[in-house]
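# Understanding the architecture of this molecule
Listed below are the residues making up each chain.
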Amino acid sequence: MTNVADRTASVLGDPEYRVEGRDKVTGAARYAADVAMPGMLHVAFVASPYAHARIVAIDVSDARALPGVRAVITGEDTKPARLGRRLQDWPVLCWDRVLFIGDRVAAIAADSAAIAEDAARRVRVEYEELPAVLDADAARAPEAPVLHPDASSYRYFGGDRPSIPHPNLQAYAVHRHGDVDAGFRAAHRVYSHTFTVPRTHQAYIEPRAALVWLDGDVLHVVTTNKAPFALRQQMAASLGIAEANIVVDAGHIGGDFGGKGLSLDEFALAYLARVSGRPVRSVTRYADDMQATNTRHAATIALTTAVDADGRILAHTSRVVFDGGAYAAGKPVATLLPGDAMLTLAGYRVPAASVEAMSVYTNQVPAGHSRAPGQPQNAFAAESHIDLVARSLGIDPLVMRERNVVRPGDVDITGAPWHGTDGAEVLARLRTAAHYAEARTTPHSLGAPAVGSGVALGVRHVGRGRASMVLRLSRGRVELRTGVADQGGGAYTLFQRIVATELGIPLGRVTVTRGATDAVPNDPGVGGSRVTPVQGGAALDAARRLRVRLAELGRALADAGDLEVIGEASQETHDASMYAYALRVLVDVDTGSTKVEHATLVADVGTVINPVALRGQLEGGFVFGLGQALMEELRLEDGRVTNPSFADYKIPTIADVPPLQVELITGDPGPGPFGAKSVGELANPAVGAAVANAVQDAVGVRVWSLPITAEKIWAELTRPDEVREVAGSAED
């Protein structure tokens, strides 16, 4: 057997061609909204116009009487069914109360989408409006109305639901390590800052869509959900159907960014398919997607850090309050917090810490997962906080990070020894690649925009989990069968290159096919940065098992006959990667208008398997973070999204994207195939803080919330100095 270095050089050094690329560019690729069946009905929903109300009565007689309407259901037909990824707290259709604007109370299946929409308008719902709880602080008040009085009856997957100290909390967690009090007593200075981050949408291009039908006792589901086996489990529990009688098929998915782990329509469609006896399809309008699915959590993050005279961290406390909206259904992790919710000072040596995090029920749009959940909020706060401490102490911001960055074996914010990137190497590479010393001394020309430089450090875990795949050999060719959905990340190409590399055969002799849940082994789905280390690990294991079988038979691959093996992988190590940014911005001091002129990204990626896709993920992550740094915000008034379209919800275009210099660190192997790590969620979280830090460097004011708009900068520039300095901070 050749060694890893030889195999890697033989295939993985070449740019890849996407396995599914031809189908996508020719229009042959099938997305959920493209799938149709004879006799298919179209679905529309009736949604609440109130943020909080009791359902007094529903009259569907006019809707049922409309020609072409084949089925009408309400919450009375679906109760007590609820949906959710970990906690099933979201009613399939509401039957007693609605908890946010967009909560569904009825569903109609009709011969055409137009008829279904017409019928939905004819449904008469009598509501009794109730006081709305629109603020996470108000929701936690002792006198706040309890939004989920029946929470004890909700199904929770995986043991017992963690306890909560207030009924309006979705989740609550506290972590402590070290002697926090001693750290604060020994401090030269103590700094406290508070930051806020708004709701944002994942902004995938493809709308959600679903097609559901019954074939005897078997329920078939075509979906945009990126985790078909998880959806099967959720539907089985909610609908009272055995998992073996549900077949979920996720074809090509037109973008995800974390949002499509949650499904809504499929559950109601199952009821409509039963009632009508026909296939039923829904395609969500984008305005409804923005108003009524799962957004990134809004958050308020309060950080307090004790440092010595040289700026070294002695102790840290934090409190993170996430606005979880009306339901916790969009969160898959056991804590019911958004992903890495407690990493409030990630990437630094923290000898003592007390971290408190919570997610709160409100009458706002439900929040769920979005690219690197929990980290954009915490990274914006932490990296802004570190910069403010450095500036107050008169320490260069990069030097401050160099003094505190975590190294292997150091205790980080989790209280555990760090297993991951050598942070000092990342920052050293950033200093060189960004020409940091020169950038800090760039003169400002009179009358020109102010120039500022900002840095930020980021951390992302390498994905964990278990997966399995089938590898078949026939006539000298191999076929890998997987349940991984294609959401655009290049997974099938990754698998092809792994198998071809391990077997030492041309790429053209390896095919990758996706199967529905009845045709392939169980798969955890796309998400959590796991595809490369976990599913890629299963592909590698399958190739290695095939090599063993061939060796046992004494056959060469070309003449071995038909063979089949199952590859499995389990990645449970707590490895992590680091990245760092240096940005240069131009700020118009008269208007606050800001432009990012140049960006440098240094990223620890381990072994590169898909070089083109890796670059695309890092560049795309930067642009994703840039949008949330400068322009993206779901604006809400009394619970209603006021910008539910891309005409008003702004995302970056190519004209907004500056030159990006990418520097890769590849010499530190990760736990994935051939030493690979994860990059899909590596690059976006820290962009916002890098921009905020650069703006302060340019014009001397701090923006304490995202997005960093011209209006906010101008407001800070025109504040009296004494007001500006206490806007979000306190020092001891």
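Just so it is clear, the structure is predicted and the values come from calculations on it, not from any experiment.

### Thoughts on the pairing of strand β1 (residues 41-47)
Counting buried residues along β1, six of its seven residues qualify, which places the element largely inside the surrounding structure. Both β1 and strand β16 (residues 280-283) contribute to a ladder of two bridges, which runs parallel. Bridging from a neighbouring strand, His42 pairs with Arg281 of β16. Pairing of β1 with strand β8 (residues 104-110) involves six bridges; the strand directions are antiparallel. Counted as the bridge partner of Phe45 is Ala107 from β8.

### A few points about the confidence of the model for the chain
Here the chain averages 95 in pLDDT, while 96% of its residues score no lower than 70. Across residues 1-6 the pLDDT falls below 50, and counting only partners more than four positions away or on other chains, this stretch makes five contacts in the model.

### A closer look at the sheet that holds strand β24 (residues 563-571)
In spatial order, the strands read β23-β22-β21-β24; together these four strands make up an open sheet with mixed pairing. Of all the strands in the sheet, just β23 (510-514) and β24 have a single pairing partner and so form its edges. With strand direction ignored, the average angle separating the axes of adjacent strands in the sheet is 25 degrees. Packed on one face of the sheet, helix α15 (residues 491-503) meets β21 (465-474), β22 (477-482) and β23 and runs near 145 degrees to β23. Here helix α16 (residues 531-553) sits on the sheet in contact with β21, β22 and β24, set at roughly 140 degrees to β24.

### Some points on the side chain of Asn684
Within the fold, Asn684 resides in the loop between β29 (660-665) and α18 (687-699). The residues contacting Asn684, other than those within four sequence positions of it, are Arg296, Arg371, Ala372, Pro376, Tyr579, Gly621, Phe624 and Gly625.

### Observations concerning the packing of aromatic side chains
Tallied over the full model, the rule gives twelve aromatic pairs. When the ring of Tyr581 is compared with that of Phe622, the centres are 5.7 Å apart and the planes differ by 40 degrees; the resulting orientation is tilted. Separated by 41 residues along the polypeptide, Tyr581 in strand β25 (residues 576-587) and Phe622 in helix α17 (residues 611-630) bring together distant segments of the chain. By relative accessible area, Tyr581 is classed as buried at 0%. Members of the aromatic cluster, joined through ring pairs, are Tyr204, Tyr286, Phe646 and Tyr649. One Lys or Arg, Arg274, reaches over the ring of Tyr271 and ends 5.6 Å from the middle of that ring.

What counts, and at which threshold
- Residues numbered from 1 in each chain as written.
- Predicted model: local features only at pLDDT ≥ 70, side-chain atom pairs only at ≥ 80, totals over all residues.
- Heavy atoms only, no water.
- Buried < 20%, exposed > 50% of the residue type's maximum accessible area, 1.4 Å probe, protein only.
- Helix = DSSP H or I, 4+ residues; strand = E, 2+ residues; numbered from the N terminus.
- Pairing = 2+ DSSP bridges.
- pLDDT = per-residue confidence, 0-100.
- Contact = heavy atoms within 4.5 Å.
- Axes fitted to C-alpha atoms, helices over the stretch in contact; angles between N-to-C directions.
- Phe/Tyr/Trp six-rings, centres within 6.5 Å; stacked < 30°, edge-to-face > 60°.
- Lys NZ or Arg CZ within 6 Å of the ring centre and 35° of its normal.

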